[in-house]
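# Architecture at a glance
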Amino acid sequence: MLVQKMQKNSTDHHDMNAELAAGLGRIIEYIRVIEVLTQADLAKILGTKQSGISRLERGKGLPTLGLIVKAANIFGFRIHIKFISEKRHVVLDSEGMFRADEHAYNWSLWPPDKSP
């Protein structure tokens, strides 16, 4: 049973990586297009290769967090990350919000103060 669950999680992880790669690729391409840059131009700005930008835009690889942060900083974007658990009905986001079953909490206050 544990092996089956691990295999399913491995498949889910692969699907999640593919979905994330495709989404991040669309973001990279969007930034490039609105900035009127070629893939080679963007690669030079980000310190990578044109083939790497092409691969990212096609969703064929995951960019490093460093590359994402660098692109956001250079082009004036903020990064907002969400961790979503459909199983637990919870969303944690990078702006300090926690949502569970239609209720929202400020989780930047976590853990709760236990002092008297």
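Higher on the page you've got the structure.
What this report covers is the structure whose coordinates are included nearby. Quantities reported herein were computed from a predicted structural model and do not represent experimental measurements. (Residues numbered from 1 in each chain as written. Predicted model: local features only at pLDDT ≥ 70, side-chain atom pairs only at ≥ 80, totals over all residues. Heavy atoms only, no water.)

Glancing now at the overall build of the protein. Secondary structure summary: the protein contains four helices and four strands in total. Counting from the amino terminus, the protein carries its helices and strands in the arrangement α-α-α-α-β-β-β-β. Classification of the 116 residues of the protein by burial places 24% in the buried group. For the protein, restricting intrachain contacts to residue pairs at least 6 apart in sequence, the fraction spanning at least 24 positions comes to 30%. When the accessible surface of the protein is split by element, carbon and sulfur atoms take 59% of a total near 9200 Å². (Helix = DSSP H or I, 4+ residues; strand = E, 2+ residues; numbered from the N terminus. Buried < 20%, exposed > 50% of the residue type's maximum accessible area, 1.4 Å probe, protein only. Contact = heavy atoms within 4.5 Å. Areas by Shrake-Rupley, 256 points an atom, 1.4 Å probe, with all protein chains shown as cover.)

For the rest of this paragraph, the subject is helix α4 (residues 65-75). Buried residues of α4: Leu67, Ala71, Ala72 and Phe75, and no others. Buried residues in α4, looked at end-on, bunch into an arc of 130 degrees, giving them a common side. Turned more than 90 degrees away from the buried face of α4 sit Leu65, Gly66 and Asn73, all of them exposed. One or two positions beyond α4, positive phi appears at glycine 76, with a value near 75 degrees. (Arc of directions from axis to C-beta.)

Below, the discussion takes up a nonpolar patch on the surface. There is a patch of nonpolar side chains on the surface, built from Leu65, Val69, Ile79, Ile81 and Phe83 and spanning about 450 Å² of accessible area. Its location among the elements puts valine 69 in helix α4. (Patch = residues over 30% accessible without salt bridge, like charges linked within 9 Å, V, L, I, M, F, W, Y side chains within 5 Å. Salt bridge = Lys/Arg side-chain N within 4 Å of Asp/Glu carboxyl O.)

Taken as a whole and assessed by the stated rule, the structure comprises one salt bridge. Taking the shortest distance from any N to any O, the salt bridge between arginine 32 and glutamate 57 comes out at 2.5 Å. Within this pair, whereas arginine 32 is found in helix α1 (residues 2-34), its partner glutamate 57 is found in helix α3 (residues 50-57), the two being separated by 25 residues in sequence. Each member of the pair, arginine 32 together with glutamate 57, is buried.

Here we come to the packing of helix α2 (residues 39-46) against α3. At their nearest, the axes of α2 and α3 sit 8 Å apart, and the two run at 110 degrees to each other. Classified by the interaxial angle, the pair formed by α2 and α3 is roughly perpendicular. The residues of α3 that touch α2, namely those facing Gln39, Ala40, Leu42, Ala43 and Leu46, are Gln50, Ile53, Ser54 and Glu57. Tallied by class, the residues present in the contact of α2 with α3 amount to five nonpolar, three polar and one charged. (Axes fitted to C-alpha atoms, helices over the stretch in contact; angles between N-to-C directions. Parallel < 35°, antiparallel > 145°, perpendicular 65-115°, else oblique. Nonpolar A, V, L, I, M, F, W, Y, C, P; charged D, E, K, R; others polar.)

On to the nonpolar core, then. In this structure, Ile28, Ile31, Leu37, Leu42, Ala43, Leu46, Ile53, Leu56, Leu67, Ala71 and Phe75 together form the largest nonpolar core, which totals eleven residues. Contributions of two or more residues to this core are made by α1, α2, α3 and α4. Excluding anything up to four places from it in sequence, isoleucine 53 contacts Ile28, Gln39, Leu42, Ala43, Leu46 and Thr48. (Core = buried A, V, L, I, M, F, W, Y, C linked by side-chain atoms within 4.5 Å.)

A word on a positive patch on the surface. Taken together, the side chains of Lys49, Arg55, Arg58 and Lys60 define a basic patch exposed on the protein surface. Following the sequence through the fold, arginine 58 ends up in the loop between α3 and α4. (Lys, Arg positive; Asp, Glu negative; His and termini not counted. Charge placed at Lys NZ, Arg CZ, Asp CG, Glu CD.)

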